[in-house]
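Topology and contacts: notes
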Amino acid sequence: MRQHFIQGFLLITLITNCFSDLTWANNKPETQVTSFADIIEPLMPAVVNIYTIKYNKRRQSKDNPLPELIPFEEFKDFFKQFNIPFAFDLYPNLHAMSLGSGFIIDETGLIVTNYHVIAGSDEIHVKLSDNTELPAVIIGRDPQTDLALIKINTDKKLPFVSFGNSNEARVGDIVIAIGNSLGFGGTVTTGIISSKGRDLGSGMDELVDDFIQTDAAINTGNSGGPLFNIEGKVIGINTSIPAVSGGTNVGIGFAIPSNKAQNIVDQLKKNGKISRGKLDIAIQENTKELSEALNIDKNYGVLVVDVKIGGSGDKAGLKRGDLIIGFNDKEVLNSRKLQLFVAEAKIDEEVTLTVIRDSKTIDLKTQISEVKDNEEEQQEEENDVPLKNINNKNLLEKSGVVFTNITEDIKNRFYLDKTINGLFVVEVKTNDPNIKLIAGDIVLAINQESINDIEQFNSIYKKLKSENKKNAIVLVKRKDFSMFMTFPIK
């Protein structure tokens, strides 16, 4: 009996193990990646090293926010240490050099890189994977997306790579970075996509807010190089690393997504420049204090401060004081978002703006107009006329700020528009941080009501105080700009 039990137990165990093995066999991966060599080998020849030469001893401009400069002597010694060839002796008067990466996108020698790699350079040199060095010329550049298109001339057909669809990339996907890391050309690193849609907050001029974040090692010199997916398609252009890293990798790097880059590259290839749209309005960030003072129940969106007559915003029916909260059914959280939406819209495209006006939500339609090459805002003359000898007869002090009427004398002394009406800020006597006005400002309106003189301003101020209002909203003109400010009622 015991023997039969043992035999039965062994039979059941054997059958169970067989099923277990069968289940594992049916569910095990069809392929196991043990090497990336077959993927990387055909990609390497299309990735190039870029060296730029700067002769003039000038400071780095703000147009080049991510410089990768090495003083010439240090640069020379660095490469000599590792026996890396480069014809330095041809350039005896070098001040500094920068290094970066790029990738060839067609057989004729078109190369994509970062704008900051080639910005301000006097010469651009490209080193191919076979150590051939060729001069390059700039086809087009776009500082706002930190992208540039350059070209080398050669008689032979060059290997090239293609863009992939960055929208299809997912967090956790394997990626491969190839570039001129620390001057060591042809450096390959791998990792995964750590995150997507990163906004680095570089500033209002920066028009990329959806960077790909990766843990593939990216160092100084990788800028402009490709970030490949496992299929060998370019899904990103490596562009920056956190400032805290001091130029070395800390496991976080950022790449411009290919879907954004390809559109820019196509425009640069076709026109040598980027065409962007505008709404012809001046805007300002909305704040909690502004919302409360304007009786708006939204703490996001952008306020319309001014509307250019005859411009796109004017044709849409936008008015000063409107709060824009939507653009083509996409939420406008802040000024940067609106700027990005407008920049990405096609010229003459009809768009829908969702605004709040007088506590009502309305939709307005308009066409995006193009920013012209020679279009620059006219700036008023700087004036250093001291704020003294102002006629002390018509002065009004409220909340620590001294106002006066705008007279012909003030218009002449401060080069003001002859048609302007409002109050002139003579002096700010308080240190209250809630007071944003400064001497020389012009107050055009209070709580959406235009102001002509100090008596009118005083009357509105007293009324707000009697209603226990904590703040008023003043529309202020400061040199070239107009803006809304909260003004404490005390």
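Rules used in this analysis
Residues numbered from 1 in each chain as written. Predicted model: local features only at pLDDT ≥ 70, side-chain atom pairs only at ≥ 80, totals over all residues. Heavy atoms only, no water. Helix = DSSP H or I, 4+ residues; strand = E, 2+ residues; numbered from the N terminus. Buried < 20%, exposed > 50% of the residue type's maximum accessible area, 1.4 Å probe, protein only. Contact = heavy atoms within 4.5 Å. Areas by Shrake-Rupley, 256 points an atom, 1.4 Å probe, with all protein chains shown as cover. Pairing = 2+ DSSP bridges. Polar contact = N/O pair within 3.5 Å; in protein donor to acceptor, adjacent residues only side chain to side chain. Core = buried A, V, L, I, M, F, W, Y, C linked by side-chain atoms within 4.5 Å. Axes fitted to C-alpha atoms, helices over the stretch in contact; angles between N-to-C directions.

1. Details of the overall build of the protein
Regarding its fold elements, the protein presents 10 helices and 28 strands. The buried share of the protein, taken over its 490 residues, is 45%. If you take every contact in the protein between residues at least 6 apart in sequence, the share linking residues at least 24 apart comes to 63%. Element-wise, carbon and sulfur atoms account for 49% of the exposed surface of the protein, whose accessible area totals about 26,600 Å².

2. Description of the pairing of strand β10 (residues 211–214)
Judged by which residues are buried, β10 turns out to be covered on both faces: Phe211 and Gln213 on one side and Ile212 and Thr214 on the other are all buried. Note that strand β9 (residues 184–198) and β10 share 3 bridges and pair antiparallel. Note that in β10 the partner of serine 195 across the bridge is glutamine 213. One ladder, built from 3 bridges, connects β10 with strand β13 (residues 253–257); its direction is antiparallel. Residue isoleucine 212 lies in a different strand from β13, and its bridge partner there is alanine 255.

3. A short note on unusual backbone geometry
Most peptide bonds take the trans configuration, and most residues that are not glycine carry a negative phi. Phi is positive for aspartate 280, close to 60°, though the residue is something other than glycine. Among the structural elements, aspartate 280 can be located in the loop between β14 (277–278) and β15 (281–285). Of note, the phi angle at asparagine 447 is positive, near 50°, even though the residue is not glycine. Checked against the element boundaries, asparagine 447 lands in the loop between β25 (442–446) and β26 (449–450).

4. Things to note about the side chain of histidine 125
Counting through the fold element by element, histidine 125 comes out in strand β5 (residues 123–127). Take histidine 125: its relative accessible area is 11%, and that puts it in the buried class. Among the polar contacts made by the side chain of histidine 125, one reaches the side chain of glutamate 123 at a distance of 2.8 Å.

5. Concerning the nonpolar core
Among the nonpolar cores identified, the biggest contains 26 residues, and Phe103, Ile105, Val112, Phe163, Phe228 and Ile237 are the most heavily contacted of them. At the level of secondary structure, the elements contributing two or more residues to this core comprise β4 (110–113), β7 (147–152), β8 (174–181), β12 (234–240), β13 and α5 (258–271). Sorting elements by how many residues they give to this core places α5 first, with 4 residues.

6. Considering the sheet that holds β10
Hydrogen bonds along the backbone pair up the strands of a sheet, which may run parallel or antiparallel. Overall, antiparallel pairing links the 6 strands, which are arranged β8-β9-β10-β13-β12-β11 in a closed barrel. Pairs of neighbouring strands in the sheet enclose a mean axial angle of 40°, with direction left out of account. The sheet contact formed by strand β11 (residues 226–229) and β12 spans 3 bridges and is antiparallel. Bridge assignment links phenylalanine 228 to a residue of β12, and that residue is valine 234. The sheet contacts of α5 involve β12 and β13, and relative to β13 the element is tilted by about 50°.

7. Considerations on the environment of proline 45
Here proline 45 is to be found in the loop between α2 (37–40) and β1 (47–54). Considered as a pair, proline 45 and leucine 128 are 83 residues apart in the sequence and their alpha carbons are 7.1 Å apart. Apart from residues no more than four positions distant in its own chain, proline 45 is found in contact with Ile104, Ser129 and Pro159.

Everything listed is a geometric property; what it means functionally is a separate question.
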